[in-house]
Amino acid sequence: MVYVKKKEARPAPLPLQHLAVIMDGNGRWAEKKGWPRYFGHFRGVKSLRQMVKSCSRWGIPYLTVFAFSTENWKRSSIEVSVIMKLMSRSLTRYQQELDRNQIRLHVLGNLEELAPSVRNIFNEMVERTKNNTGLKLIVAVNYGGRQEIIQAVRAISRAVKEGQMEIDNITEDHFYSYMSSSVFPPPDLIIRTGAVSRLSNFYLWTAAYSEIYVSDVLWPDFNEAELKKALHFYTQTSRRFGAASLERK
Ligand code: FPP
């Protein structure tokens, strides 16, 4: 049996609605220089700022950054508190920049478990930027894909229990509508830096058909040229969402 690729014209550049980034390698970047791990997080904010600017300038509608996972609480209390302080300080520091560039902030994850000072600044910034019409910047903080699925299961079970839904009527679309990330389009492209090729509990449901680009570059060194490489990779892919790509001869 010989399999040949179906001949078809490559479509025009793929529309990229939603880019998501797992910013990995901060700790290793700092350790390589003999510095404490958290120095890498400081430097990581610089890369993040650059990425937000580029996506905003290029008209990418949605950008998600995985800033703090539900598993990141297992890190040392010093590192956790540095990341928390860094997030709140960066949001405060760059609030005018967000406004100037019409960037709207969204949060994905459970803010309830964060210190009130950090939670408040996230809530304030979401409120402050809610009328901005440019890039939607989604910060995944205290976020876990499994937890998001469980929260949807709970909500849908409640609806069944209260007689608002029949078990047999639960479809994929129905289920998805109970997930917090369903208000955004699924990510088209997920970039993971730091030469690690796993999802680490990120967007588990919605990443089902995302393209994944793994970069060897550590997040603090991930610049616009590296982002262009990732976008180039994306434009070369042929997205079929499970449809056939091979035909028998
Ligand atoms: C992963 O690198 C990085 C993090 C867990 C934290 C990233 C957070 C920021 C850069 C702050 C973001 C700020 C805002 C306002 C959203 P790692 O420490 O896991 O790297 P390693 O693999 O080298 O250990």
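Some points on the overall build of the chain
Now for step 1: Per the secondary structure count, the chain includes eight helices and eight strands.
Now for step 2: Against the 2.2 N^0.38 benchmark of 18 Å for 249 residues, the chain shows a C-alpha radius of gyration of 20 Å, consistent with a compact globule.
Now for step 3: Its C-alpha atoms give the chain principal-axis dimensions of about 60 × 50 × 35 Å.
Now for step 4: The buried share among the 249 residues of the chain stands at 45%.

Observations regarding the side chain of histidine 18
Now for step 1: Within the secondary structure layout, histidine 18 lies in strand E2 (residues 18–22).
Now for step 2: Since its relative accessible area comes to 0%, histidine 18 is described here as buried.
Now for step 3: Those residues in contact with histidine 18 that lie beyond four places of it in its chain are Tyr62, Leu63, Thr64, Ile138, Phe184, Pro185, Pro186, Pro187, Asp188, Leu189 and Tyr203.

Considerations on the packing of aromatic side chains
Now for step 1: Per the stated rule, a full pass over the model turns up 15 aromatic pairs.
Now for step 2: Here tryptophan 35 and phenylalanine 39 contribute two aromatic rings whose centre-to-centre distance is 5.6 Å and whose plane-to-plane angle is 45°, an arrangement assigned as tilted.
Now for step 3: Taken together, Trp29, Trp35, Tyr38, Phe39 and Phe42 form an aromatic cluster joined through their ring pairs.
Now for step 4: Note that lysine 136 overlies the ring of tyrosine 62, its terminal NZ or CZ placed 5.5 Å from the centroid.

Things to note about helix H8 (residues 224–236)
Owing to its 3.6 residues per turn, the α-helix brings residues three or four apart onto one side.
Now for step 1: Counted at 1.5 Å a residue, the expected span for H8 with its 13 residues is 18 Å, and the 18 Å between its end C-alpha atoms agrees.
Now for step 2: By the burial criterion, the buried members of H8 are Glu226, Leu227, Ala230, Leu231 and Tyr234. Along the axis of H8, the buried residues cluster in a sector spanning 140°; they form a single face.
Now for step 3: The distance from a side-chain oxygen at the start of H8 to the backbone nitrogen of alanine 225 is 3.2 Å, and the residue carrying that oxygen is asparagine 223.

About the cut-offs
Residues numbered from 1 in each chain as written. Predicted model: local features only at pLDDT ≥ 70, side-chain atom pairs only at ≥ 80, totals over all residues. Heavy atoms only, no water. Helix = DSSP H or I, 4+ residues; strand = E, 2+ residues; numbered from the N terminus. Rg over C-alpha atoms; globule rule 2.2 N^0.38 Å. Buried < 20%, exposed > 50% of the residue type's maximum accessible area, 1.4 Å probe, protein only. Contact = heavy atoms within 4.5 Å. Phe/Tyr/Trp six-rings, centres within 6.5 Å; stacked < 30°, edge-to-face > 60°. Lys NZ or Arg CZ within 6 Å of the ring centre and 35° of its normal. Expected span 1.5 Å × (residues − 1). Arc of directions from axis to C-beta. Polar contact = N/O pair within 3.5 Å; in protein donor to acceptor, adjacent residues only side chain to side chain.

That's the geometry; what it means functionally is another story.
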